[in-house]
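If you want the building blocks of each chain, they are given just below.
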Amino acid sequence: MIGIRAATPDDAARIAAIYAPFVIGGTVSFEIDPPDARAMRGRMAASEGLYPWMVVTNGGEEGGVVGYAYATKFRDRPAYKYVVETSIYVAGDQQRGGVGRLLYEALIDTLRAQGFTQAIGAITLPNDASISLHESVGFRRAGVYREIGYKQGRWIDVGFWQCELNDSKVPPVEPKPFSAVGVVRG
């Protein structure tokens, strides 16, 4: 049984452990050194209750964390406050089993309920699995920055995928905090 819930500071060590192989073993992340639990707790706290951090567990709500997803501020300028950048990571032994899609759908549903207008996914290329996941939950290719990251002895392209969450109203609706909405599914 799969559970999806808001991440807590107690999940930080498991989140760091899930993320570390992506930092060390490939180019999915442009970080060089994997952050530890303390750094992950800091990143979660930096969301200030506005941006969601959620985990997927095996064994229901109280099971072990096997993946996580979150949203962050897209850019620092005030005009971008209605847009988020999303990320998702699933433990290697849990990939391709559908948990990533369930988690990402919950993140997208939550962001919609909060009132954000667009979600942006940045994908290092090539990465067919990530592209497939993003497109399965409604993202569409928006563009590519060529050779902007250097890792593991080579230059890497980054593609951007965009998902419309809500209509862009004029004037825009202020996004609700994640702390007020919680995890939304369906």
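See the structure above.
Fair warning: this is a prediction, and the values are worked out from it, not measured in the lab. (Residues numbered from 1 in each chain as written. Predicted model: local features only at pLDDT ≥ 70, side-chain atom pairs only at ≥ 80, totals over all residues. Heavy atoms only, no water.)

A. Molecular detail of the overall build of the protein. Within the protein one finds 5 helices and 7 strands. Secondary structure elements in the protein, listed N-terminal to C-terminal, are β-α-α-β-β-β-α-β-α-β-β-α. For 186 residues, the compact-globule estimate of 2.2 N^0.38 gives 16 Å, and the C-alpha radius of gyration of the protein, at 16 Å, lies within 12% of that figure. Overall size of the protein, expressed as C-alpha extent along the three principal axes, is 45 × 40 × 30 Å. Across the 186 residues in the protein, those meeting the buried criterion constitute 47%. Residue pairs in contact within the protein that sit at least 24 positions apart in sequence constitute 69% of those at least 6 positions apart. Accessible surface computed for the protein: about 9,700 Å², of which carbon and sulfur atoms make up 50%. Taking the average location of the 20 positive side-chain charges in the protein and that of its 20 negative ones, the two points are 3 Å from each other. (Helix = DSSP H or I, 4+ residues; strand = E, 2+ residues; numbered from the N terminus. Rg over C-alpha atoms; globule rule 2.2 N^0.38 Å. Buried < 20%, exposed > 50% of the residue type's maximum accessible area, 1.4 Å probe, protein only. Contact = heavy atoms within 4.5 Å. Areas by Shrake-Rupley, 256 points an atom, 1.4 Å probe, with all protein chains shown as cover. Lys, Arg positive; Asp, Glu negative; His and termini not counted. Charge placed at Lys NZ, Arg CZ, Asp CG, Glu CD.)

B. The environment of I88, seen in detail. Structurally, the position occupied by I88 is in strand β4 (residues 83-90). Assessed through its relative accessible area of 15%, I88 is described here as buried.

C. Just the pattern of salt bridges, in detail. Scanning the model with the defined rule gives 6 salt bridges in all. The closest approach of N and O atoms between R43 and E31, which form a salt bridge, is 2.9 Å. In this pair, R43 is assigned in helix α2 (residues 37-45) and E31 in the loop between α1 (12-24) and α2, connecting sequence segments 12 residues apart. A residue is classified by how much of its surface remains accessible, and E31, at 22% relative accessible area, is partly exposed. Residue E105 pairs with R101 through a salt bridge whose shortest N-O separation is 2.9 Å. Highlighted residues: E105 and R101, both in helix α3 (residues 99-114), separated by 4 residues, approximately one helical turn. (Salt bridge = Lys/Arg side-chain N within 4 Å of Asp/Glu carboxyl O.)

D. The arrangement of the packing of aromatic side chains in detail. The tally for this structure, following the rule as stated, stands at 11 aromatic pairs. Ring centres of Y19 and Y89 lie 4.9 Å apart, and the angle between their planes is 70 degrees; on these two criteria the pair is classed as edge-to-face. Separated by 70 residues along the polypeptide, Y19 in helix α1 and Y89 in strand β4 bring together distant segments of the chain. Given the relative accessible area of 5%, Y19 is considered buried. (Phe/Tyr/Trp six-rings, centres within 6.5 Å; stacked < 30°, edge-to-face > 60°.)

E. Looking closely at a nonpolar patch on the surface. Taken together, the side chains of F30, Y145 and I148 define a hydrophobic patch exposed on the protein surface, amounting to about 290 Å² of accessible area. As for its placement among the helices and strands, Y145 is situated in strand β6 (residues 140-151). (Patch = residues over 30% accessible without salt bridge, like charges linked within 9 Å, V, L, I, M, F, W, Y side chains within 5 Å.)

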